[in-house]
Amino acid sequence: MNDYPQILFKNRVVGETAFIDRFRANGGYQGLEKGLREMTPQEITATVKASGLRGRGGAGFPTGVKWSFFPADQPVEKFLVINGDEMEPGTYKDRQLLLADPHQLIEGVILSAFALQVSHAYIFIRYAYEECSRNLEQAIAEAKEAGYLGRDILGTGWDLEIHLHRSAGRYILGEETAQLNGIEGVRPNPRSKPPFPAAKGLWGKPTNVNNIETIACIPHIITGGPGWFINLGITQGGVGTKLFGLSGHLNRTECFELPVGIPLREVVETFGGGVRNGKGFKACLPGGASTPFLTAQHLDTPMDFEPLEQLDSRFGTAGVTVFDETTCMVGATLNLIRFFARESCGWCTPCRDGLSFVQWILEEIEAGRGNRDQIAMLKDQKKNITGRSFCALAEGAMGPLDGLLRHFEQELEDHVKLGRCPFGD
Amino acid sequence: MPTLTIDNKSITVPDGTNVLEAAQRLGIVIPHFCYHEALGAVGACRLCAMMFEEGPVKGLQMACMVTAQDGMQISTLHPEAQELRSHVIEWMMLNHPHDCPVCDEGGECQLQDMTIAGGHGRRRYAGKKRTWINQDLGPFVVQEMNRCIQCYRCVRTYQDYCGGDDFGVMGSRNRLFFGRFQPGKLESPFSGNLVDVCPTGVFTDKTFRFKTRYWDIEEAPAVCPHCSLGCTVIPGARYRELQRVRAGVNRQTNGFFICDRSRFGYGYANHRERIRQPNCQGAATSWREALEHLKERLGKVVNEYGPLSVAIVGSPRSSLECQALLREWTREHGYRPPLFEIDNRRDRTARILAAGLGKQARSMAEIADSDCLVMLGSDPLNEAPLLALAIRQAVRNGCHVTCLDPRAVKLPCAASHLPVQPEQLLPAINGLVANRFEEFERQDQLFLEGAAERLGRAERPVLVGGGDLLGPEGTEALLKAARSLNAGLFVTLGGPNSYGGALLSEDGPDSEEMIEAALEGEIKALFCIEADPLTEGPARSARALGQLELLVVCDHMVNRTARSADIFLPTTAPPEAAGTYINNEGRMLPFGGAYAPGLPLRDIGEGGHPPRTFSNITTGGEPRPAWAILATLLQRPLDFDSIHHGLESDPHFAGLGLLSPGGEGRRVTDAGMLPPAAQPEFPHSAPEGSLPLLVVEALFGTEPLSSLSPALEPVIPEAAVQLHPTTAARLGISDGETVSLRTELEHLRLTARTEAEMVPGLLVAYRLRGTPLELLPVGKITPCLLEKGGNDA
Amino acid sequence: METVNQTTGKDVLLPDDTIEAFRAKAADTPHPRELIVDLLRAIQDHHGWVPDAGIELAAQTLGLSPLQLEEIATFYDKIYRQPVGRKVIHLCDSICCWTTGGEQVAELLRDKLGIGFGETTPDGVFTLLPTCCLGACGDAPAMMIGLTTYGRLTAEKIDTILREIRQQID
Ligand SMILES: Cc1cc2nc3c(=O)[nH]c(=O)nc-3n(C[C@H](O)[C@H](O)[C@H](O)COP(=O)(O)O)c2cc1C
Ligand code: SF4
Ligand code: FES
């Protein structure tokens, strides 16, 4: 069914994990050999930059550009951190990757660490992904055994140690600077930027943070070359493939590797098998819980950064959560806001208290106790929270509220008018 | 130096100033909570929003997080900025209880102010509020967590600034608890600062609870009288009762904070045993009669024995005005030159410092800015607590601290400590100059060479000394060292105005000479002005005082000498009158009186009635400032200002008249004089098997005024003798055991405490007031015998 | 789950050799705080939850104050600072599970276990807690018991899972 090139999921057999033998048999660690034996760190960074790869952790920052800011040539202690927090609702792609093919990440980490000339990399894994942690532990041990990790790797004179940090819950640790605090063992509130981690990260030392999927792309870019990678995308400007995690009211809620730029309709209908129980499509979160809703009118949008931004939404993590026509969008938004309010780190006021205020207003409306003033209040809360918080968590929380207000204000009005939820069961 | 425009007003600010600070300089006060000058900006509360209209930064920003840059055009009145601020206040108020009527913070609550300023007046949130169970945080601070607005100031003060590790923030999201792991006393000696930094009523002063509304309190900026650092404090009184002390701001000395001794040690002023009426031979009398009686008896002594039979002991607790009049009085009548410190060691130390400090003087602000500190015989947390905070700030900025001390010096920051014998301090100082440490063991030599090397490399090195342990010789050596190493010098002294006394003593005689004269019978009348020779003086003082025909004591506290006075004249306590102190770096710091003395109403109110006789004197209002008593004796007008300004005729004090209470003060201009050569000390043959005992100050329980404060009772340490575990083992003594300690004159029973970080072979005890330990001179070695048990005591 | 020290008869928070291993690591790193989360998790794995004594033990092992440990322990939602049953059920209440009947599953679990969220069954076997997204969105509705995730929950599936766990425990 999926005829698109499978790069990251090349070795994927659902229910199985490819360890070193199968990984190598399928061409694993060739990118590493090439990168370390034939390329300089600068060349690797240049190649990644040329590939146009954008971060897969949600913000979509061009990876090569980020690396080029990193003081790779400075002889100071520096770190690479791999972000495997993946706690944004609707996002479960990194898990699939680690369940299927942990060495792919390890190879990417080694190549990236070489490009950035760091000798210590931390892989940060969320609490719920214990299987992934175990896979990684085994993969690290195997890679060490095979001479890909440790001292003087492949005779380059360069050393690398990979540390695994198992977290203990909380979405905010996905935010890169909070994650650094989490690894250091201090309270995981985000840090102010600037200074950016590239200047002052772990223990004040230059640190580069990338998402798991981002790093997993690196070996492929090195073996296949930037041109090949760019051509994997099917939109103008769309680059590479992307793991799409489908969820919600779809017939098939699985994770697929699809080209960047694939139309939303194809994702929903072909891969998701259409909306469950023959119901109509009402809306979806295109890229995780913090991305504003899209509606049926947007189904032909290519799933890529720019086209989605033009719709005032975001590509995010490409976790597509679909809602059928019977869904109460006020209820859905309330659920999302509750998540963000609960996961606020508590550092800044708009997030810590503003989100609970929004939650309360939505609860009132959803329960039929709301009034028109409160709909106006929602708008003005959104205006005053968006862009006003310390980190992007609260801003993300405003994504679904923004979608609700733009596309489903009528549902809010209906709740108020009826004095109950019109979709109530 | 960027120039920017805020609300159409232009200002040029130093590099690195943030926009919130720049606005404050223009007098534009924007609501803010998380920013605090001492703590810096963290951008958490999101209240200080301003609109950046033109220039390098655009849009709505948190002013505290933006560094001022050239060409910025900023509006604080932009509707979007105002709108956000009102929202932030509304969010903060979601869970805040409406308990202002019963909240101690009412009236001085920044949240009240900011709520009004933020334009939030009507509560739109009608959901449940989160509530907390409070913790008991000990005798000083009350917690009322429901009032918390999560500005994080408390934890940033307690942990980051003060280095405490038993108070912090727990939980996450909108369930944040600021407190301890378990209920219990806050361990930091700076815990009271929570009261000042908390912008609302979460942390309030337990000793002040439910006493007074802010607008009813009488306050004036003052200088803390409990050590020599000269921290600015603001004592507050109501109904003639000193009810609290809060921190004042002095960027050169204490910055924004004070220690708990300063804050909670105020009870001496309200002490029930304070004698508030003049008395002769123990019988209360009027001022007029007392002064007449005094003149008559003094006249008799002078007639019979001549003016040199009159001696005066002043004190480092007295104001400079009092000290200066004292000197004038002795000069006018030809009495013996006054002493300003009966403790000879402290007296000589202060005079040597005042004579030599000069350009080497450093302030606490400069210590906080130092890149290399070497501490010699200094235990700041016990001797001068705020110094420890200055040192901590230096360390936070990358300074290296070396500490040479016999004691187990604890600091709220990292330091390398080398335990040395008290008599090794001098060779260590000299060694730092010559970079030779032959007298030390190999291991210690390496340590000291490292310290010397760092000192040599440093750009802003400061030598920090403890006057008590260094003594005159050590201080002299340290002065020389500072000069030759081109390092700053900071030496703590015995009392709040030791430096003033030292300057005024000039090269006058020291207390040895005076005591000898008294023992010889040359002195017949002794005036003690806020001094207590029977406690602070050498053991011979008792015999010397026994020879007198007249003992006059002017003081506000009852002490040994006051109890045996022929004539007692009550003086005001420091917060009750204006004056000037000169701190240990030579900084002149004037203060104003916060309130007039009088018997606290709450004491009178206890069932009894105020006296029904009509009088224009407040009940218990007789105490007079010591300077006023002297002015009366000198027949000068009772005009503080003229006396204060008159001090400027002494070139040391040039510029004093321009200073105002609560300001930063300024250093004295001229050096003091060296004391006369010291009498050679008789080598005291230590008895067989004796151990050296070093008596030192403690944070609580040893400083004379605060030790009288009931609020501090729960924190006064046990009477103990500390010794190194190896010493204890040699004596067969274990930790916690009761031991008997015998000096030449005293026999005490104390608890033995082993302390691994102190130097072996030495005994250390705190000079606890109200115990026989208070009679042992501080900083000096007393030989003593230590035995197990001590049941025969 | 609780191991009892044979000589003292007391609950053991963590075996001595594990404590020693942490102590050694702490001595070996310039920043022992790095080990806080690992150590808290180790105590929890061993003891089921982290009691006050566990915080104190961790603090002492790493040379920190109990408060410093508590500041971290109370931030994370998967560190239990209150007693829990032998198996903690984390039922996801985030959006994907909500769309696929998560609320009904919650109802079901409450009925079957006879407890509400935040409560422990009288036999001490299960504690029921809500959790945010488990990263099992494709398999919603989902829950995690201990460290094992179960997806596509139905009434029958839940019955089987609970039964099997009860059997394992007996
Ligand atoms: C609240 C919040 C949560 C985040 N969670 C994650 C996450 O779980 N995984 C992730 O890779 N990035 C997450 N991010 C983004 C990271 O901060 C960071 O941008 C990313 O790890 C960079 O990697 P990339 O450039 O490879 O995407 C989160 C950001 C925010 C503000
Ligand atoms: S927006 Fe503020 S409170 Fe929310 S997670 Fe970020 S820093 Fe913490
Ligand atoms: S003072 Fe600027 S955000 Fe708090």
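Nothing here was measured: the structure is a model prediction, and the numbers come from that model.

J.: Outline the interface of chain A and chain C, listing residues and values.
T.: With 49 residues of chain A at the contact, the number on the chain C side is 37 residues. When the two sides are added together, the surface that chain A and chain C hide from each other amounts to roughly 3500 Å², 58% of it contributed by carbon and sulfur. At the boundary of chain A with chain C, the tally comes to two salt bridges. Aspartate 93 of chain C is the partner of arginine 342 of chain A in a salt bridge, and the nearest nitrogen-oxygen pair spans 2.8 Å. The interface formed by chain A and chain C includes 18 residue pairs in polar contact (both at pLDDT 80 or more). Listing elements by their share of the side of chain A that touches chain C, those giving two or more residues are β3 (161–166), α8 (176–184), β5 (241–248), β9 (319–324) and α13 (329–343) of chain A. Here the side of chain A that touches chain C is composed, by residue class, of 22 nonpolar, 16 polar and eleven charged.

J.: With reference to specific residues and values, describe the domain arrangement of chain C.
T.: What the domain assignment reports for chain C is domain 1 (16–75) and domain 2 (87–169). Taking the mean C-alpha position of each, domain 1 of chain C and domain 2 of chain C sit 29 Å from one another.

J.: For the site of ligand 2, give the residues involved together with the corresponding values.
T.: Cys345, Trp347, Cys348, Cys351 and Cys391 of chain A are the nearest of the 13 residues found near ligand 2. Grouping the constituent residues of the shell around ligand 2 by class yields ten nonpolar, three polar and no charged.

J.: Could you give an account of the sheet that holds strand β7 (residues 281–285) of chain A, naming the residues involved and the relevant values?
T.: The strands making up a sheet associate through backbone hydrogen bonding, with each pair oriented either parallel or antiparallel. Residue and element names in this part refer to chain A. Read from one edge of the open sheet, five strands run β6-β5-β9-β7-β8, paired in mixed fashion. In this open sheet, the two edge strands, each paired with only one partner strand, are β6 (255–259) and β8 (294–295). Across two bridges, the pairing between β7 and β8 is antiparallel. Paired with cysteine 284 across the bridge in β8 is leucine 294.

J.: Could you give an account of the environment of glutamate 130 of chain A, naming the residues involved and the relevant values?
T.: Here glutamate 130 of chain A shows up in helix α7 (residues 130–145). Sequence-wise, glutamate 130 of chain A and serine 167 of chain A are 37 residues apart; in three dimensions their C-alpha atoms are separated by 10.0 Å. Residues within four places of glutamate 130 of chain A in sequence aside, it is in contact with Arg166 of chain A together with Arg41 and Leu147 of chain C. Of note is the side chain of glutamate 130 of chain A, whose polar atom sits 3.0 Å from the side chain of arginine 166 of chain A.

J.: How would you sum up the interface of chain B and chain C? Please name residues and give values.
T.: The interface of chain B with chain C comprises 14 residues on the first partner and twelve residues on the second. When the two sides are added together, the surface that chain B and chain C hide from each other amounts to roughly 910 Å², 58% of it contributed by carbon and sulfur. Per-residue buried area on chain B facing chain C is highest for Asp165, Met170 and Phe181 of chain B; these three make up 57% of the total on that side. Scanning the region where chain B abuts chain C turns up zero salt bridges. Counting the contacts that link chain B with chain C gives five residue pairs in polar contact (both at pLDDT 80 or more). Of all elements in the fold, only α4 (153–161) and β7 (168–172) of chain B reach the threshold of two or more residues within the side of chain B that touches chain C. With five residues, the top contributor of residues to the side of chain B that touches chain C is β7 of chain B. By residue class, the composition of the side of chain B that touches chain C is five nonpolar, six polar and three charged.

J.: Can you tell me about the nonpolar core, naming the residues and giving the values?
T.: Core analysis: the largest hydrophobic core is formed by 233 residues, its most contacted members being Ile106 and Ile123 of chain A together with Leu4, Val19, Phe33, Phe178 and Phe203 of chain B. Shared between two domains, this core takes at least three residues from each, and those domains are domain 1 (16–75) and domain 2 (87–169) of chain C. Sequence-distant contacts of isoleucine 106 of chain A, defined by excluding residues within four places in its chain, comprise Tyr29, Ile123, Leu136, Ala139, Ile140, Ala143, Leu149 and Ile162 of chain A. If you look at the next biggest cluster of nonpolar residues, it comprises 92 residues, including Cys554, Phe653, Leu659 and Tyr766 of chain B.

J.: Describe the side chain of arginine 407 of chain B, with residues and values.
T.: Examined against the element boundaries, arginine 407 of chain B turns out to sit in the loop between β18 (400–405) and β19 (416–419). A polar contact is formed between the side chain of arginine 407 of chain B and the side chain of glutamate 383 of chain B, at a distance of 2.9 Å.

J.: Could you give an account of the sheet that holds strand β4 (residues 119–120) of chain C, with specific residues and numbers?
T.: All names here are of chain C. Strands sit in the order β4-β5-β3-β6-β7 across an open sheet of five strands; the sheet is mixed. Only two strands of the sheet have a single partner each, and these edge strands are β4 and β7 (148–150). Here six bridges tie strand β3 (residues 87–92) to strand β5 (residues 126–131), and the two strands are oriented parallel to one another. Looking across to β5, one finds that cysteine 92 is bridged to threonine 131.

J.: Please give an account of unusual backbone geometry that cites residues and values.
T.: For the bond running from lysine 193 of chain A to proline 194 of chain A, omega is -5 degrees, close enough to zero to count as cis. Take proline 194 of chain A: it is sitting in the loop between α8 and β4 (207–211). Positioned with a positive phi, aspartate 312 of chain A is a non-glycine residue whose angle comes to about 60 degrees. Tracing the sequence through the fold places aspartate 312 of chain A in the loop between α12 (305–310) and β9. Backbone geometry at glutamine 150 of chain B places phi at a positive 55 degrees, although glycine is not the residue there.

J.: Lay out empty space enclosed by the protein with the relevant residues and their values.
T.: Residue and element names in this part refer to chain B. Per the stated rule, a full pass over the model turns up twelve cavities of 30 Å³ or more. Around the largest cavity, the lining is made up of 30 residues, and of these Pro316, Arg346, Gly494, Gly495 and Pro704 lie nearest the centre. Residue assignment for the lining of the largest cavity shows that the elements contributing at least two residues are α11 (380–383) and α15 (467–485). Counted by class, the lining of the largest cavity contains nine nonpolar, nine polar and twelve charged residues. Roughly 150 Å³ of internal volume is contained in the second largest cavity. Considering the residues around the second largest cavity, the lining is formed by 17 residues, among which Ser319, Glu530, Thr572, Pro574 and Ala577 are closest to the centre.

J.: So what's going on with the site of ligand 1? Residues and values would help.
T.: All names here are of chain A. Around ligand 1 sit 18 residues, and of these Gly57, Glu86, Asn210, Asn211 and Thr214 come closest. Within the backbone of glycine 57, a nitrogen or oxygen atom sits 2.7 Å from an oxygen atom of ligand 1. A distance of 3.3 Å separates a nitrogen atom of ligand 1 from a polar atom in the backbone of glycine 174. Across the complex, the protein chains shield 90% of the 610 Å² of accessible surface that ligand 1 would expose by itself. When residues of the shell around ligand 1 are traced back to their parent elements, those giving at least two are β4 and α16 (392–407). Looking at the shell around ligand 1 element by element, the count peaks at three residues for β4. Each residue belonging to the shell around ligand 1 can be placed in one class, and the counts come to five nonpolar, seven polar and six charged.

J.: Describe the packing of α13 of chain A against helix α14 (residues 349–366) of chain A, and please don't skip the residues or the numbers.
T.: All names here are of chain A. For the pair α13 and α14, the least separation of the axes is 9 Å and the interaxial angle reads 155 degrees. By the criterion of interaxial angle, the relationship of α13 to α14 is roughly antiparallel. Note that α13 runs across α14; the crossing there is left-handed. Residues Val330, Gly331, Thr333, Leu334, Ile337, Arg338, Phe340 and Ala341 of α13 form the contact with α14, whose own contacting residues are Leu355, Ser356, Val358, Gln359, Leu362, Glu363, Ile365 and Glu366. When the residues that make up the contact of α13 with α14 are grouped by side-chain class, the tally is nine nonpolar, four polar and three charged.

J.: So what's going on with the pattern of salt bridges? Residues and values would help.
T.: Opposite charge on two side chains permits them to pair, given that their charged atoms come into close proximity. Residue and element names in this part refer to chain B. Counting across every chain of the model gives 82 salt bridges over all chains. We note a salt bridge from glutamate 516 to arginine 540, for which the minimum N-O separation is 2.9 Å. Note that glutamate 516 is positioned in helix α17 (residues 511–519) and arginine 540 in the loop between α18 (533–536) and α19 (541–546), a separation of 24 residues in sequence. We classify glutamate 516 as partly exposed; its relative accessible area is 33%.

J.: So what's going on with the pairing of strand β16 (residues 310–313) of chain B? Residues and values would help.
T.: The two faces of the sheet receive side chains in turn, since in a regular strand these alternate between them. All names here are of chain B. Residue alternation in β16 divides its side chains into two sets, Val310 and Ile312 and Ala311 and Val313, and both sets are buried. Bridging between β16 and strand β22 (residues 525–529) involves four bridges; their strand directions are parallel. By the bridge assignment for β22, isoleucine 312 is matched with phenylalanine 527.

J.: Give me the lowdown on the pairing of strand β1 (residues 79–84) of chain A, citing residues and values where you can.
T.: All names here are of chain A. The element β1 is largely enclosed, with a buried count of six among its six residues. Of the pairings in the sheet, the one linking β1 to strand β2 (residues 120–125) comprises six bridges and is parallel in character. When the sheet's bridge partners are listed, isoleucine 82 is paired in β2 with isoleucine 123.

About the criteria used
Residues numbered from 1 in each chain as written. Chains lettered and ligands numbered in written order. Predicted model: local features only at pLDDT ≥ 70, side-chain atom pairs only at ≥ 80, totals over all residues. Heavy atoms only, no water. Contact = heavy atoms within 4.5 Å. Buried area = accessible area lost by both parts, 1.4 Å probe. Salt bridge = Lys/Arg side-chain N within 4 Å of Asp/Glu carboxyl O. Polar contact = N/O pair within 3.5 Å; in protein donor to acceptor, adjacent residues only side chain to side chain. Helix = DSSP H or I, 4+ residues; strand = E, 2+ residues; numbered from the N terminus. Nonpolar A, V, L, I, M, F, W, Y, C, P; charged D, E, K, R; others polar. Domains from an automatic or database assignment. Near = heavy atom within 4 Å. Pairing = 2+ DSSP bridges. Core = buried A, V, L, I, M, F, W, Y, C linked by side-chain atoms within 4.5 Å. Buried < 20%, exposed > 50% of the residue type's maximum accessible area, 1.4 Å probe, protein only. 1 Å grid on protein atoms, 1.4 Å probe; cavity = no way out; pocket = protein on both sides within 12 Å on 5 of 7 lines; lining within 4 Å. Points joined across faces, edges and corners; volume = space filled by probe spheres on them. Areas by Shrake-Rupley, 256 points an atom, 1.4 Å probe, with all protein chains shown as cover. Axes fitted to C-alpha atoms, helices over the stretch in contact; angles between N-to-C directions. Parallel < 35°, antiparallel > 145°, perpendicular 65-115°, else oblique. Left-handed = near helix turned anticlockwise from the far one by under 90°.

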